[in-house]
Amino acid sequence: MKSEDVVSLLFGLALIFVVSQLLGALARRLDVPAVIGEIVAGILIGPTFFHGWVAGTLFPDGIRPMLSALANLGVALFMFLVGLELDRRVIGREGRAVVSVSIGSVVVPFGLGALLALWLSGGHPGGTGFVLFTGTAMAVTAFPVLARIIADRNLGRTRVGGLALASAAVGDVVAWTLLAVILAWRGAGGHPWLLALTLPYLALMATVVPRLMTRLLARARGASRLAIVVVGVLVSGGVTEWIGLHFIFGAFLFGLIMPRQEELRRDLDVRVGQLAMLLLPVYFVVAGFKVDLSGLDASGLLELGLILLVAMGGKLAGVYGAARLVRLDRRSSFALATLMNTRGLTELVLLTIGLQVGLLDGRLYSLMVAMAVITTVACGPLLKLVEPAKAGRPRPGRAAPGHRSGSTGDIDSRL
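Quick caveat: nothing in here was measured; it's all calculated off a predicted structure.

Conventions we followed
- Residues numbered from 1 in each chain as written.
- Predicted model: local features only at pLDDT ≥ 70, side-chain atom pairs only at ≥ 80, totals over all residues.
- Heavy atoms only, no water.
- Axes fitted to C-alpha atoms, helices over the stretch in contact; angles between N-to-C directions.
- Helix = DSSP H or I, 4+ residues; strand = E, 2+ residues; numbered from the N terminus.
- Parallel < 35°, antiparallel > 145°, perpendicular 65-115°, else oblique.
- Left-handed = near helix turned anticlockwise from the far one by under 90°.
- Contact = heavy atoms within 4.5 Å.
- Nonpolar A, V, L, I, M, F, W, Y, C, P; charged D, E, K, R; others polar.
- pLDDT = per-residue confidence, 0-100.
- Buried < 20%, exposed > 50% of the residue type's maximum accessible area, 1.4 Å probe, protein only.
- Phe/Tyr/Trp six-rings, centres within 6.5 Å; stacked < 30°, edge-to-face > 60°.
- Lys NZ or Arg CZ within 6 Å of the ring centre and 35° of its normal.
- 1 Å grid on protein atoms, 1.4 Å probe; cavity = no way out; pocket = protein on both sides within 12 Å on 5 of 7 lines; lining within 4 Å.
- Points joined across faces, edges and corners; volume = space filled by probe spheres on them.
- Patch = residues over 30% accessible without salt bridge, like charges linked within 9 Å, V, L, I, M, F, W, Y side chains within 5 Å.
- Areas by Shrake-Rupley, 256 points an atom, 1.4 Å probe, with all protein chains shown as cover.
- Salt bridge = Lys/Arg side-chain N within 4 Å of Asp/Glu carboxyl O.
- Expected span 1.5 Å × (residues − 1).
- Arc of directions from axis to C-beta.

Caption draft 1: Highlighting the packing of helix α2 (residues 34-45) against helix α12 (residues 262-288). Where α2 meets α12, the closest approach of the two axes is 7 Å, and the angle between their N-to-C directions is 40 degrees. Classified by the interaxial angle, the pair formed by α2 and α12 is oblique. For α2 against α12, the interelement crossing comes out right-handed. When α2 is examined against α12, the residues Val-35, Glu-38, Ile-39, Gly-42, Ile-43 and Ile-45 are found in contact with a partner set consisting of Pro-281, Phe-284, Val-285 and Gly-288. Of the residues belonging to the contact of α2 with α12, the class tally is 7 nonpolar, 2 polar and 1 charged.

Caption draft 2: Here's a closer look at the confidence of the model for the protein. For the protein, per-residue confidence averages 83 on the pLDDT scale, and 88% of positions sit at 70 or higher. The low-confidence segment residues 388-413 (pLDDT under 50) makes 67 contacts with residues lying over four places distant or belonging to another chain.

Caption draft 3: Layout of unusual backbone geometry. Positive phi is not limited to glycine here, since Asp-31 has a value of about 65 degrees. Along the chain, Asp-31 falls in the loop between α1 (3-29) and α2. With relative accessibility at 39%, the residue Asp-31 sits in the partly exposed group. Residue Arg-327 is not a glycine yet carries a positive backbone phi of 70 degrees. For Arg-327, the location among the structural elements is in the loop between α13 (298-325) and α14 (330-339). Using a relative accessible area of 78% as the deciding quantity, one classes Arg-327 as exposed.

Caption draft 4: Here's a closer look at the environment of Val-170. With respect to the element layout, Val-170 can be found in helix α8 (residues 159-186). Residues Val-170 and Ser-102, spaced 68 residues apart in sequence, show a C-alpha to C-alpha distance of 6.3 Å.

Caption draft 5: The arrangement of the packing of aromatic side chains in detail. Tallying each qualifying case throughout the model produces 4 aromatic pairs. Aromatic side chains Phe-59 and Phe-289 sit 5.8 Å apart centroid to centroid with 55 degrees between the ring planes, which places their arrangement in the tilted category. In this pair, Phe-59 is assigned in the loop between α3 (53-58) and α4 (64-85) and Phe-289 in the loop between α12 and α13, connecting sequence segments 230 residues apart. Taking the relative accessible area as the measure of exposure, Phe-59 reaches 0% and is therefore buried. Residue classification places Phe-289 among the buried residues on the basis of a relative accessible area of 15%. On the numbers, 6.3 Å between centres and 80 degrees between planes, the contact of Trp-176 with Phe-249 is edge-to-face. Highlighted residues: Trp-176 in helix α8 and Phe-249 in helix α11 (residues 247-256), separated in sequence by 73 residues. In this pair, the class of Trp-176 matches that of Phe-249, namely buried. Over the ring of Phe-289 we find Arg-64, and its NZ or CZ is 4.1 Å from the ring centre.

Caption draft 6: Summary view of the layout of surface pockets. Its volume calculated, the largest pocket comes out at about 340 Å³. Contributing elements (two or more residues each) for the lining of the largest pocket: α8, α9 (198-219) and α11. Broken down by element, the lining of the largest pocket gets its largest block of residues, 5 residues, from α8. Across the lining of the largest pocket, the residue classes break down as 12 nonpolar, 3 polar and no charged.

Caption draft 7: Local environment of a nonpolar patch on the surface. Together, Val-99, Ile-103, Val-107, Val-108, Leu-112, Leu-115 and Leu-118 make up a nonpolar patch on the protein surface, roughly 600 Å² of accessible area in all. Mapped onto the elements of the fold, Ile-103 is located in helix α5 (residues 95-120).

Caption draft 8: Region of the structure containing the pattern of salt bridges. Enumeration according to the criterion identifies 8 salt bridges in this entry. A salt bridge links Arg-271 to Asp-267, with the nearest nitrogen and oxygen atoms 2.9 Å apart. Of this pair, Arg-271 and Asp-267 both sit in helix α12, 4 residues apart, roughly one helical turn. Owing to a relative accessible area of 16%, Asp-267 belongs among the buried residues under this scheme. Ionic pairing is found between Arg-363 and Asp-297, a salt bridge with its closest N-O pair at 3.8 Å.

Caption draft 9: Spatial organisation of the packing of α1 against α2. Here α1 crosses α2 at 135 degrees, and the two axes come no closer than 7 Å. The angle between α1 and α2 falls in the class oblique. As for the relative orientation of α1 and α2, their crossing is right-handed in sense. Of the residues in α2, those in contact with Val-19, Ser-20, Leu-23, Gly-24, Ala-27 and Arg-28 of α1 are Ala-34, Gly-37, Glu-38, Val-40, Ala-41 and Leu-44. Counted by class, the contact of α1 with α2 contains 7 nonpolar, 3 polar and 2 charged residues.

Caption draft 10: Broad picture of helix α10 (residues 223-242). The end-to-end C-alpha distance of α10, which contains 20 residues, comes to 28 Å, matching closely the 28 Å that a straight helix rising 1.5 Å per residue would cover. If you check which residues of α10 are buried, you get Arg-225, Val-229, Val-230, Gly-232, Val-233, Ser-236, Gly-237 and Thr-240. Take α10 and look down its axis: the buried residues cluster within an arc of 160 degrees, on one side only. Residues of α10 that are exposed and point over 90 degrees away from its buried face: Ala-223 and Val-235. Summarising the contacts, the buried residues of α10 are in contact with α4, α9, α11 and α12. At the C-terminal side of α10, Gly-244 shows a positive phi close to 110 degrees.

Right, dumping it as structure tokens:
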């Protein structure tokens, strides 16, 4: 790397951190998750405004590979934290209701998304992979952002809050599994025979690795714990990337199999969360390089309107109907459906993968990112319509499922 590239990289990183902090703080003042402000910062720096002059001037081609590397590390650590935050015990508390709501939150938007993809396929990539991917993109709920919204609005001890967290956890595991199947079916990223290593890898992660991590982390303290976890995330992500999936699956699964001791999880929340949240704004900027809404015409607005209608309508209809089936009242059912419409960063990660492997083109990627921002921003105003703090039946003495009392992890404070 040339000296001038080093200078550009350092000044560019400083600018990313400052702008993301400012827009994140502004988003919080507007009662919007901070992550939305940071995603908007990435879009503002991209080619949507001034024909890409800002991005081209501040982030020349020579430093973009380094920015991409830092962005990938940030999103890998974020996906580790998503896996770490999923509390597998919450499903058993209201098993029938969770299963019903999870099915509604995935099946209906997936089906509508697949139908939309058939209509869009004329001017976009098309094919079976495109149809399946579009359906999956509509079915996603951003679990970490949802957890933060529930905590901010004191919904953690209501039935609505518990069902939302548990159902989002199950639904997102289903959505990531669907994405893994799509990528495996396409043979993206490697030789098809390498996919045969998926089952041995899963068996190893389910049996040997948890015991090994329990022993290593029990002896380690401070920075040593962080080093062990980062190495584990990198190795697990590298394996899944090598066998033809994507590195985020390895990072997510590594978080999912972590030891569940409360003190250890709080410590990892803080240590890994600080590093992940420092690097994620770089991810937003790299993703923003590919978001171009400057040429949005009437047909583009029509496509965006249909995407929003399917994304929001599918979630609202699927979750509301399922909630009513398990005897939730109308107000609580609507609040639950609104919460499950939250997408945020999780959607952005999925869309970026779709763009990288050719399942989305640049125009549709930009429209989908806009959808992710709009649906997450809409959550707050829609919740106020039904006074969600009163929705659901309080459950005294119980912490929110999946949101541990006393946790100070930065993944919550930033999202």
